[in-house]
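# Chain and residue survey
So the chains spell out like this:
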Amino acid sequence: MIFEKNILCIGAGYVGGPTMAMIAYKCPQYKVTVVDINPARIAEWNSVKLPIYEPGLDKIVKKARNRNLFFSTEIAQGIKTSDIIFVSVNTPTKAFGAGNGMAADLQYWEKTARQILQCSESPKIIVEKSTLPVKTAQAMEKILKSNGNGDQFEVLSNPEFLAEGTAINDLMNPDRILIGSHLTDKGVKARDELVKIYESWVPKSRIITSDIWSSELSKLASNAFLAQRISSINSLSALCEKTDADITNVSQAVGMDCRIGNRFLNASVGFGGSCFKKDILNLVYLCRNYGLNEVAEFWEGVIRINEYQKKRFALNMLTAMFNTLAGKRICLYGFAFKADTGDTRESPAIFLAKRLIEEKAELIITDPEALKNAKENLREISGEVTFVEDPYEAANDCHAIAIVTEWNLYKDLDYEKIYRSMIKPAFIFDGRNIIDHQKVFEIGFNVYPIGKPALTHF
Ligand code: NAD
Ligand code: UGA
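All values reported here derive from a predicted model rather than from experimental measurement.

Calculation criteria
Residues numbered from 1 in each chain as written. Chains lettered and ligands numbered in written order. Predicted model: local features only at pLDDT ≥ 70, side-chain atom pairs only at ≥ 80, totals over all residues. Heavy atoms only, no water. Domains from an automatic or database assignment. Contact = heavy atoms within 4.5 Å. Buried area = accessible area lost by both parts, 1.4 Å probe. Salt bridge = Lys/Arg side-chain N within 4 Å of Asp/Glu carboxyl O. Polar contact = N/O pair within 3.5 Å; in protein donor to acceptor, adjacent residues only side chain to side chain. Helix = DSSP H or I, 4+ residues; strand = E, 2+ residues; numbered from the N terminus. Expected span 1.5 Å × (residues − 1). Bend = angle between axes of the 7 residues up to and from the residue. Phe/Tyr/Trp six-rings, centres within 6.5 Å; stacked < 30°, edge-to-face > 60°. Buried < 20%, exposed > 50% of the residue type's maximum accessible area, 1.4 Å probe, protein only. Lys NZ or Arg CZ within 6 Å of the ring centre and 35° of its normal. Arc of directions from axis to C-beta. Near = heavy atom within 4 Å. Areas by Shrake-Rupley, 256 points an atom, 1.4 Å probe, with all protein chains shown as cover. Nonpolar A, V, L, I, M, F, W, Y, C, P; charged D, E, K, R; others polar. 1 Å grid on protein atoms, 1.4 Å probe; cavity = no way out; pocket = protein on both sides within 12 Å on 5 of 7 lines; lining within 4 Å. Points joined across faces, edges and corners; volume = space filled by probe spheres on them.

## Concerning the domain arrangement of the chain
On domain assignment, one finds that the chain holds domain 1 (5–202) and domain 2 (211–457). Inter-centroid distance (C-alpha atoms) of domain 1 to domain 2 is 32 Å. Listed per partner, the contact involves 37 residues of domain 1 and 31 residues of domain 2. Between domain 1 and domain 2, roughly 2,700 Å² of surface is buried when both sides are summed, and carbon and sulfur atoms account for 59% of that area. For arginine 345, the salt bridge is made with glutamate 164, and the minimal N-O distance between the two is 3.4 Å. Scanning the region where domain 1 abuts domain 2 turns up eleven residue pairs in polar contact (both at pLDDT 80 or more). Mapped onto the side of domain 1 that touches domain 2, the elements with two or more residues apiece are α6 (136–144), β6 (153–157) and β7 (177–181).

See the structure below:
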């Protein structure tokens, strides 16, 4: 089969895998190859059980794999034969040296740039898919131009806005596709090539273009705005608990103002995920770098409230259970950072589990998809934690349940049966406000929602 174009994606993670699967699925005329330095990950992409759990992903991968979608470890070969290269490697927070704990760690990104330069033999469009600090494209260009062959490359920014758990729908029907380019003839030509790919399934009106720097900043800004909404509502949930107001009513009343909108206003045990914290820290670091301390502090507040919310939830558990958790059996319902994913990166469950162990509680953790990652996250304290797949078995003989992830499964459990199997007085802490609080209270539980008055039998 002769393909119209060869597309390569470097980085077969939560973004590279699904986004490329969607492009291959929608554009059979292009050959799409996804490469990674991690051979185990590539082997999983080529197997029956994909390396990430994402509803709907299996179907799309199965349709396109080995037709025009390929997963491989042959990075150099992939670079050589490609026309367009998406770079979707991880850009975690730096854990050493200058900017430790704040700046983006660009080592994986830079290695990729150098490898592209080393292996390229023909002109290519390089697309930043990873989330990066503003002006990273400039650094990439400097590397790519360093051997005098710079004119071969045109760098574009095309940030990804998918959310885990809904990635396939987000990719199939994106709110917008953003493409940043240089506004030169060459830049615009490259941009139009990328527009053409997305136009295969995304309406033209949803494909927007800009200069590269605005595109890079728009990605950081979008995540910062979303996280800010959660911290805003979470900050008010603390006030609700003091004043007998109900955060669900507040968020409904606020969200019905169409200038504000009703999404991302669910109070919770705190936001998690690999990106919100890292991207805001990155924004804060950038602002400090440019001497914009007030702006940095504004955004830092979003993270501070999130840390506060996680601590507050753990402290509420301790206070409600008579100020001692030592020897008590506590069951965590959910470990993933949100429902419909097995991803646990920065999950509030990690903080909570460690905090409860510090209080010498015995922990039982259940989750339909995230137990493998949970075991990895809690490796240093694994002797003190039991992992159980079945939520009924997990709660058996426990003093308390804490709902950490909003899996639908936890809404519909038989809480009478669970209550009967638990030690009394039995407690339930709903870190997601997903169960019927009045109903479980009537069953006999002492119920502690987020941002609502507790329902207790004392
Ligand atoms: P990930 O860790 O799941 O995947 C990154 C992959 O890149 C890994 O498999 C790693 O082995 C590979 N890699 C690293 N260096 C490499 C190299 N030199 N050559 C080949 N492969 C290499 O990360 P992710 O969640 O997919 O995120 C990737 C980027 O996308 C990040 O910048 C992130 O901020 C951004 N992003 C993530 C999401 C999300 O939902 N996870 C959404 C939007 C944007
Ligand atoms: C987020 C953004 O939504 C994506 O647009 C972005 O592409 C992605 O980050 C990224 O750059 O990585 P994701 O982290 O996968 O996506 O999931 P979200 O749905 O945003 O949830 C993040 C966290 O906020 C979760 O822990 C979730 O439970 C929590 N959350 C969300 C709340 O506590 N309340 C809400 O109302 C919504």
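What follows continues from the structure just given.
## Side note on helix α12 (residues 293–320)
If you check α12, its first and last C-alpha atoms are 39 Å apart, about what 28 residues at 1.5 Å a residue would give, namely 40 Å. The largest bend in α12 amounts to roughly 25° and is located at glutamate 300. Backbone geometry just downstream of α12 places phenylalanine 322 in the positive-phi region, at approximately 65°.

## Quick word on the packing of aromatic side chains
As enumerated under the stated definition, the model contains 14 aromatic pairs in all. Where tryptophan 45 meets phenylalanine 71, the ring centres are 5.0 Å apart and the plane angle is 10°; that geometry is what we call stacked. Taken as a pair, tryptophan 45 in helix α2 (residues 39–45) and phenylalanine 71 in strand β3 (residues 69–72) lie far apart in primary sequence, 26 residues in all. Assigned by exposure class, tryptophan 45 and phenylalanine 71 land together as buried. Measuring from ring centre to ring centre gives 5.7 Å for tyrosine 198 and tryptophan 201, while their planes differ by 55°; the resulting arrangement is tilted. Grouping residues by exposure puts tyrosine 198 and tryptophan 201 together as buried. What links up through ring pairs into an aromatic cluster is the set Phe322, Phe427, Phe429, Tyr448 and Phe458. For the cation-ring pair, arginine 176 lies above phenylalanine 161, with the distance from its terminal atom to the ring centre recorded as 3.6 Å. Residue placement shows lysine 417 over the ring face of tyrosine 392; its charged tip is 4.2 Å from the ring centre.

## Description of helix α3 (residues 57–64)
Within α3, burial applies to Leu57, Ile60, Val61 and Ala64. Projected down its long axis, α3 carries its buried residues within an arc of 95°, all on one side. When the buried face of α3 is taken as reference, the exposed residues oriented beyond 90 degrees from it are Lys59, Lys62 and Lys63. At its buried positions, α3 is contacted by α1 (16–26), α2, β3 and α7 (167–172). Just beyond α3, the residue with positive phi is asparagine 66, at close to 65°.

## Points about the site of ligand 2
Taken together, 21 residues sit near ligand 2, with Phe161, Leu162, Ser268, Phe337 and Arg432 positioned nearest. Within the backbone of asparagine 266, a nitrogen or oxygen atom sits 2.9 Å from an oxygen atom of ligand 2. At a separation of 2.6 Å, an oxygen atom of ligand 2 approaches a polar side-chain atom of serine 268. In isolation ligand 2 has 700 Å² of accessible area, and contact with the protein removes 90% of it. In terms of residue count, the dominant contributor to the shell around ligand 2 is helix α9 (residues 212–243) (four residues). A breakdown of the residues in the shell around ligand 2 according to their chemical character gives eleven nonpolar, four polar and six charged.

## Some thoughts on the site of ligand 1
Near ligand 1 you find 26 residues, and of these Asp36, Arg41, Thr91, Glu164 and Lys278 are the closest. Isolated, ligand 1 exposes 830 Å² of accessible area, and the fraction of that covered by the protein chains is 92%. Class assignment of the residues belonging to the shell around ligand 1 gives a composition of nine nonpolar, ten polar and seven charged. Mapped onto the domain boundaries, the shell around ligand 1 takes at least three residues apiece from domain 1 (5–202) and domain 2 (211–457).

## Remarks on the layout of surface pockets
Any empty space left between the atoms is revealed when a probe the size of a water molecule rolls over them. In this model, the second largest pocket occupies a volume close to 790 Å³. Lining the second largest pocket we find 28 residues, and of these Tyr14, Pro51, Ile52, Lys372 and Asn373 sit closest to its centre. Only α2, α3 and α14 (371–377) provide two or more residues apiece to the lining of the second largest pocket. The element contributing the most residues to the lining of the second largest pocket is α14, with five residues. Taken together, the residues of the lining of the second largest pocket sort by class into ten nonpolar, six polar and twelve charged.

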